[in-house]
Amino acid sequence: MIIVLFLAFVFEAFVADVLLKDFIPVGPDALVTFDSTYYLPTYIYVIFMIINAIIVIIMIFKDEKIGRFSRNCLLGGFVFRIFLMIWDINCKSILVLPNAGFDDMKYYYGAMSIVIRGKEATGYDLVLSVIFRLFGISKMFGQYINIVISMLSLIVLVHILNRIKLEKKYKNLGILFACFLPIFAIMNSLLLRESMIIFFLMLTFYFFVRWWNDEGNSLVNMVLAMAGCFAATWLHSGLIAYITGFLMIFVITKTIKRKRYVTFDSRTVMLMFLAIGVVLIYTQTIGSDFLSYLGNIDSVSSISEMTENYVDGNSAYDIAIIPGDGIVALIGNSPLRMVYFLVSPMPWDWRGPSDVLAFAFSGCFYVLSVVYTIRAVKVSEDENHSLLLVLLLLAFCSAFIFSWGVSNAGTALRHRDKFAINYILMFIISKSILDKQKGIPLYERIKQKAMRKERKRKNATNQYNRSGI
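Residues numbered from 1 in each chain as written. Predicted model: local features only at pLDDT ≥ 70, side-chain atom pairs only at ≥ 80, totals over all residues. Heavy atoms only, no water.

**Here we look at the overall build of the protein**
Step number 1: In terms of regular secondary structure, the protein is built from 20 helices and 2 strands.
Step number 2: When the 469 residues of the protein are sorted by exposure, 53% land in the buried category.
Step number 3: Put simply, of all contacts in the protein between residues at least 6 apart along the chain, 74% involve residues at least 24 apart.
Step number 4: Total accessible area on the protein stands at roughly 22,200 Å², and carbon and sulfur atoms take up 66% of it. (Helix = DSSP H or I, 4+ residues; strand = E, 2+ residues; numbered from the N terminus. Buried < 20%, exposed > 50% of the residue type's maximum accessible area, 1.4 Å probe, protein only. Contact = heavy atoms within 4.5 Å. Areas by Shrake-Rupley, 256 points an atom, 1.4 Å probe, with all protein chains shown as cover.)

Below you can see the structure in the form of structure tokens.
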């Protein structure tokens, strides 16, 4: 069905080209004035959207691995996202959706300028300009393509959840969150790059979970997972956080009887620092053009200078516990900046209903996911313990890098939803672990805690003896 969907878009592009080839000029000498001859009538795009919607719905029903509950959630999520798109186009006078009105229009006018004037571009501007060249300049259809991509992401999520050893109710909870978290759905419905980034990260997690479960060829799964990371990084260079995180994960993970475990010893710690060093060298040399966000960083002080440049707008924040721009200030201020990145807009910074909605349905969820995870990682007996540690490491890497690249609540809101899949998996896995603990009698939990402490003491003793000190 993926092929059918692709062929439908190809057919629609052909139809659009026939209708538009005499109207859209390309090149530096093209007209600058925008009028109706640059666009197809709205009803043409509505016909395209109906065709694609039918194919997406058939795709959902044809996939035998999608259960009844997940199918209903996917259909509801599809309708919900279309509703948000229509609201954004027609009802801004009633309520402006978070991140609508500036960021999405920036991409719209940027891509339109590329098509009309033939300017050079990269990243999402380039992708959107290609869409406009194929289908004509239409903000609505661009948003609809993002919705279709988000539906593909949700279908991939179902396959990811099917590969994680969890009770069905927790898997259902995960797909429910992904389909109906309001802010996450909004980001997938606007003309933003987030939908495509989320899709590539979803593919990354899919191949990573296959690698984690030792399905198929481990090397192929590892390469495909990293390829997804690089594709996402091309759209936003801050995703180098995930490249760094996954490199560290591949280093610290050991396989015992076809099961993956996270281990920390002197060898793995050394290899972790080596992986970080390779990434830093890449960003400062051959990757400086590819990773413009990090390519301009050559010292700790330049991080602080970059952060100050991003303090702009009514929702801007500039927070610091330790003044200065040295390594001490970087380490000391990072936890607070990470909290702001995950939670903002803070209640004392609310400016209206949009900020309240963002805090209630985005910030609270991310904080709750982290709190549950920190509580759950203490239960080392669970079969998903190592996977939860991996997800926590990825969450830390992304929050650390983006906390220093963001000083605005609206931008933080948009960027953290790139990692929604990470936090959804953290939430449902940690909740599963904590719910299991509730069913264990108190004396058994105390006994397990004592046994964990004893194992840690023995492991520390063994490492000490092996070191020969």
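**Here we look at the packing of helix α11 (residues 240–252) against helix α17 (residues 385–405)**
Step number 1: With their axes 8 Å apart at the nearest point, α11 and α17 run at an angle of 150 degrees to one another. Classified by the angle between their axes, α11 and α17 sit roughly antiparallel to one another. Along this stretch, α11 crosses α17, giving a crossing that reads as right-handed. In this structure, α11 contributes Ile240, Ala241, Tyr242, Gly245, Phe246, Met248, Ile249 and Ile252 to the contact, and α17 contributes Val390, Leu393, Leu394, Cys397, Ser398 and Ile401.
Step number 2: Residue composition of the contact of α11 with α17, grouped by class: 12 nonpolar, 2 polar and no charged. (Axes fitted to C-alpha atoms, helices over the stretch in contact; angles between N-to-C directions. Parallel < 35°, antiparallel > 145°, perpendicular 65-115°, else oblique. Left-handed = near helix turned anticlockwise from the far one by under 90°. Nonpolar A, V, L, I, M, F, W, Y, C, P; charged D, E, K, R; others polar.)

**A look at the confidence of the model for the protein**
Step number 1: The pLDDT averaged across the protein works out to 79; a share of 74% of its residues lies at or above 70.
Step number 2: In this model residues 286–311 is a low-confidence stretch, pLDDT under 50, and it forms 57 contacts with partners more than four residues away in sequence or in other chains. (pLDDT = per-residue confidence, 0-100.)

**Description of helix α10 (residues 218–235)**
Step number 1: With 18 residues, α10 extends 26 Å between its outermost C-alpha atoms, agreeing within 8% with the 26 Å of an ideal straight helix rising 1.5 Å per residue.
Step number 2: Of the residues making up α10, those classed as buried are Asn221, Ala225, Met226, Gly228, Cys229, Ala232, Thr233 and Leu235.
Step number 3: On the buried face of α10, the contacting elements are α5 (123–135), α9 (194–212) and α11.
Step number 4: Of the residues flanking the start of α10, the one acting as N-cap is Asn217, its side-chain oxygen 2.9 Å from the backbone nitrogen of Leu219. (Expected span 1.5 Å × (residues − 1). Polar contact = N/O pair within 3.5 Å; in protein donor to acceptor, adjacent residues only side chain to side chain.)

**Observations regarding the pattern of salt bridges**
Step number 1: Here the structure, examined in full by the defined rule, presents 9 salt bridges.
Step number 2: Between Lys139 and Asp88 there is a salt bridge, and its shortest N-O distance comes to 2.9 Å. A residue pair is termed long-range when its members are at least 10 positions apart, and Lys139 in helix α6 (residues 139–162) and Asp88 in helix α3 (residues 68–90) qualify at 51 residues.
Step number 3: Residue classification places Lys139 among the buried residues on the basis of a relative accessible area of 13%.
Step number 4: When its relative accessible area of 2% is taken as the criterion, Asp88 is described as buried.
Step number 5: The partner of Glu215 in a salt bridge is Arg210, and the shortest N-O contact between them spans 3.5 Å. (Salt bridge = Lys/Arg side-chain N within 4 Å of Asp/Glu carboxyl O.)

**A word on the environment of Thr255**
Step number 1: Structurally, Thr255 is set in strand β1 (residues 253–256).
Step number 2: For the pair Thr255 and Asp214, spaced 41 residues apart in the sequence, the C-alpha separation amounts to 9.1 Å.

**A look at the side chain of Asp417**
Step number 1: Considering the arrangement of structural elements, one finds Asp417 in the loop between α18 (409–416) and α19 (420–438).
Step number 2: At 5.1 Å, Arg416 is the nearest oppositely charged side chain to Asp417, a buried residue that forms no salt bridge.
Step number 3: Looking at Asp417, its side chain comes within polar contact range of the main-chain nitrogen of Phe184, at 3.4 Å.
Step number 4: Leaving out residues up to four positions away in the same chain, Asp417 has contacts with Ile183, Phe184, Met187, Ile198, Ser362 and Tyr366. (Lys, Arg positive; Asp, Glu negative; His and termini not counted.)

**With respect to the environment of Ile160**
Step number 1: For Ile160, the position within the fold is in helix α6.
Step number 2: Along the backbone, Ile160 and Val209 are 49 residues apart, and their C-alpha atoms lie at a distance of 6.9 Å.
Step number 3: For Ile160, the residues in contact, after removing those within four places along its chain, are Met202, Phe205, Tyr206 and Val209.

**Observations concerning α17**
Step number 1: For α17, which comprises 21 residues, the first-to-last C-alpha distance of 31 Å matches the rise-based estimate of 30 Å (1.5 Å per residue) to within 8%.
Step number 2: Among the 21 residues in α17, 17 count as buried, and that is most of the element.

**Structural notes on the state of the cysteines**
Step number 1: The full count for this structure, using the stated rule, is 0 disulfides.
Step number 2: For the unlinked cysteine Cys73, the closest cysteine sulfur is that of Cys179, found at 5.2 Å. (Disulfide = S-S within 2.5 Å.)

**Quick look at a nonpolar patch on the surface**
Step number 1: Taken together, the side chains of Ile3, Phe6, Leu7 and Val10 present a nonpolar region at the surface, about 430 Å² in accessible area.
Step number 2: Topologically, Phe6 is positioned in helix α1 (residues 2–20). (Patch = residues over 30% accessible without salt bridge, like charges linked within 9 Å, V, L, I, M, F, W, Y side chains within 5 Å.)

**Describing the nonpolar core**
Step number 1: Grouped together as the largest cluster of nonpolar side chains are 137 residues, with contacts concentrated most on Leu74, Phe141, Phe208, Phe246, Tyr423 and Ile429.
Step number 2: Of the residues forming this core, the biggest block, 16 residues, is contributed by α6. (Core = buried A, V, L, I, M, F, W, Y, C linked by side-chain atoms within 4.5 Å.)

**Brief notes about unusual backbone geometry**
Most of the time, phi is negative for any residue but glycine, and the peptide bond is trans.
Step number 1: The backbone of Asp214 shows a phi angle near 60 degrees, a positive value even though the residue is not glycine.
Step number 2: Tracing the backbone through its elements, the reader meets Asp214 in the loop between α9 and α10.
Step number 3: On the accessibility criterion, Asp214 (16% relative accessible area) is buried.

**As for the packing of aromatic side chains**
We describe a pair of aromatic rings using the distance from one ring centre to the other and the angle between the two ring planes.
Step number 1: Inspection of the entire model under this criterion finds 34 aromatic pairs.
Step number 2: Ring centres 5.4 Å apart and planes at 35 degrees place the aromatic pair Tyr45 and Phe141 in the tilted group. Of the two residues, Tyr45 sits in helix α2 (residues 42–62) while Phe141 sits in helix α6, which places them 96 residues apart along the sequence. Here the two residues Tyr45 and Phe141 agree in accessibility, since each one is buried.
Step number 3: Joined through ring pairs, the aromatic side chains of Phe205, Phe208, Trp211, Trp212, Tyr242, Phe246, Phe250, Phe341, Phe402 and Phe419 make up one cluster.
Step number 4: The side chain of Lys106 reaches across the aromatic face of Tyr107, ending 5.1 Å from its centre. (Phe/Tyr/Trp six-rings, centres within 6.5 Å; stacked < 30°, edge-to-face > 60°. Lys NZ or Arg CZ within 6 Å of the ring centre and 35° of its normal.)

**Concerning the side chain of His159**
Step number 1: Here His159 shows up in helix α6.
Step number 2: The contact partners of His159, leaving out residues within four places of it in the chain, are Asp63, Lys65 and Tyr206.

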